[in-house]
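Analysis of the macromolecular model
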Amino acid sequence: MRRLLAAGTIVLVIGLVCSLAYGQESSSNDNWQFSLAPMYLWAVSISGDQTVKGIDVDLDVPFSDVFNYLNGALIFHFEGLKQRRWGFWVDFNWIRLNPSQGTPLGDIDINFTQILTELTGFYRWNVGAHNFDALGGLRYSRMKLDLDFPGPLLSVDQSKGWVDPFVGARWLWQMSERWTLILRGDIGGFGVGSDFTWNVVGLVDFKPWKHVSLFGGYRALYQDYEDGSGANEFKYDATMQGPILGLNITW
């Protein structure tokens, strides 16, 4: 956790330096606008099922236990907007959990590692205090699951990566000079990667300073992915959800 906090501090300092360096330039030339949310918190819980090399596992990690099981996390969001019309964002989420599952023979130790990376493009329409974004992109998912069985039983591990195309929309309502409501939804997979996936996000952003704002809300992401069969079957059918808190730097 110390390394994680140190990394977050470094990213935050870089973001603040960029904000100061480009603040005056952006005021005279708004061709590009950027924002960075370094090390925001997604306090995720996971509910669903997973199959690793043909072995079914209940992957249930409640929000109340997430910090007990958390071994590491790295999350950031970077966004750019050109001429207030065309934009993109990159969102990266790496998380490692170490829950356990009870059996008559003893507890199964589960090491769960997941990477989620989004590359998204969007086009914006502005109607007064409302911005509407039509968006589309790719979400790369990679999961690794290690199962350590009790006693003399063998350990099992398997990793899998896939890409989901998705389409959706985002609504930003600037309720006042400092307060903004942000709602986003998308669907994807379409059998290219996952059979089906959906994602919803709701945020409230408060901007007490010119280049820095604070945001909080909730996110839920569902994925239904399956590959292989028999002893090589890999399946992930689960929902990740939880509150979001973070700091956003703009320039």
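Residues numbered from 1 in each chain as written. Predicted model: local features only at pLDDT ≥ 70, side-chain atom pairs only at ≥ 80, totals over all residues. Heavy atoms only, no water.

Looking now at the layout of surface pockets. In this structure, the largest pocket encloses a volume near 1600 Å³. Lining the largest pocket are 48 residues; nearest its centre among them are Ser 35, Leu 172, Lys 207, Asn 248 and Thr 250. In terms of residue class, the lining of the largest pocket is made up of 17 nonpolar, 17 polar and 14 charged. (1 Å grid on protein atoms, 1.4 Å probe; cavity = no way out; pocket = protein on both sides within 12 Å on 5 of 7 lines; lining within 4 Å. Points joined across faces, edges and corners; volume = space filled by probe spheres on them. Nonpolar A, V, L, I, M, F, W, Y, C, P; charged D, E, K, R; others polar.)

To continue, consider empty space enclosed by the protein. Applying the stated criterion to the full structure yields one cavity of 30 Å³ or more. By volume, the largest cavity amounts to about 40 Å³. As for the largest cavity, its lining consists of Trp 42, Val 44, Ala 73, Ile 75, Asn 93, Trp 94, Ile 95 and Met 240. Counting residues per element, the ones that place at least two in the lining of the largest cavity are β5 (70-82) and β6 (86-97). A class-by-class count of the residues in the lining of the largest cavity yields seven nonpolar, one polar and no charged. (Helix = DSSP H or I, 4+ residues; strand = E, 2+ residues; numbered from the N terminus.)

Any two side chains of opposite charge can pair, given that their charged atoms come close. One pass over the full model with this rule turns up nine salt bridges. With a shortest N-O distance of 2.9 Å, Arg 170 and Asp 133 are connected by a salt bridge. Of the two residues, Arg 170 is situated in strand β10 (residues 155-174) and Asp 133 in strand β9 (residues 130-148); the sequence distance between them amounts to 37 residues. Using a relative accessible area of 8% as the deciding quantity, one classes Arg 170 as buried. Owing to a relative accessible area of 2%, Asp 133 belongs among the buried residues under this scheme. Note that Arg 139 and Asp 186 form a salt bridge whose closest N and O atoms lie 3.2 Å from each other. Here the residue Arg 139 occupies a position in strand β9, and Asp 186 occupies one in strand β11 (residues 179-188), the gap between them amounting to 47 residues. Each member of the pair, Arg 139 together with Asp 186, is buried. Beyond isolated ion pairs, a larger network of salt bridges with shared partners links Glu 118, Arg 139, Arg 184, Asp 186 and Arg 219. (Salt bridge = Lys/Arg side-chain N within 4 Å of Asp/Glu carboxyl O. Buried < 20%, exposed > 50% of the residue type's maximum accessible area, 1.4 Å probe, protein only.)

The backbone of Met 39 sits at a positive phi, close to 55°, despite the residue not being glycine. Assignment of secondary structure puts Met 39 in the loop between β1 (32-38) and β2 (41-42). One non-glycine residue with positive phi stands out, namely Arg 84, at about 60°. Its place among the elements puts Arg 84 in the loop between β5 and β6.

Let's shift gears to the environment of Gly 121. Residue position: Gly 121 is located in strand β8 (residues 106-127). On the basis of relative accessible area, Gly 121 is assigned to the partly exposed category, the value being 31%. Residues Gly 121 and Gly 80 lie 41 residues apart in sequence; the distance between their C-alpha atoms is 9.5 Å.

This paragraph deals with the pairing of strand β12 (residues 196-206). Burial along β12 is one-sided: the residues Thr 197, Asn 199, Val 201, Leu 203 and Asp 205 are buried and none of Phe 196, Trp 198, Val 200, Gly 202, Val 204 and Phe 206 is. As defined by bridge partners, β11 adjoins β12 across 10 bridges and the pair is classed as antiparallel. Residue pairing in the sheet places Ile 187 in a bridge with Trp 198 of β12. Pairing of β12 with strand β13 (residues 212-227) involves 11 bridges; the strand directions are antiparallel. Note on β13: the bridge partner recorded for Val 201 is Arg 219. Hairpin connection, β12 to β13: the antiparallel pair is bridged by five residues. (Pairing = 2+ DSSP bridges.)

What follows is about the side chain of Ser 45. Structurally, the position occupied by Ser 45 is in strand β3 (residues 45-52). When near neighbours in sequence (up to four residues on either side) are disregarded, Ser 45 contacts Val 61, Pro 62, Phe 63, Thr 239, Met 240 and Gln 241. (Contact = heavy atoms within 4.5 Å.)

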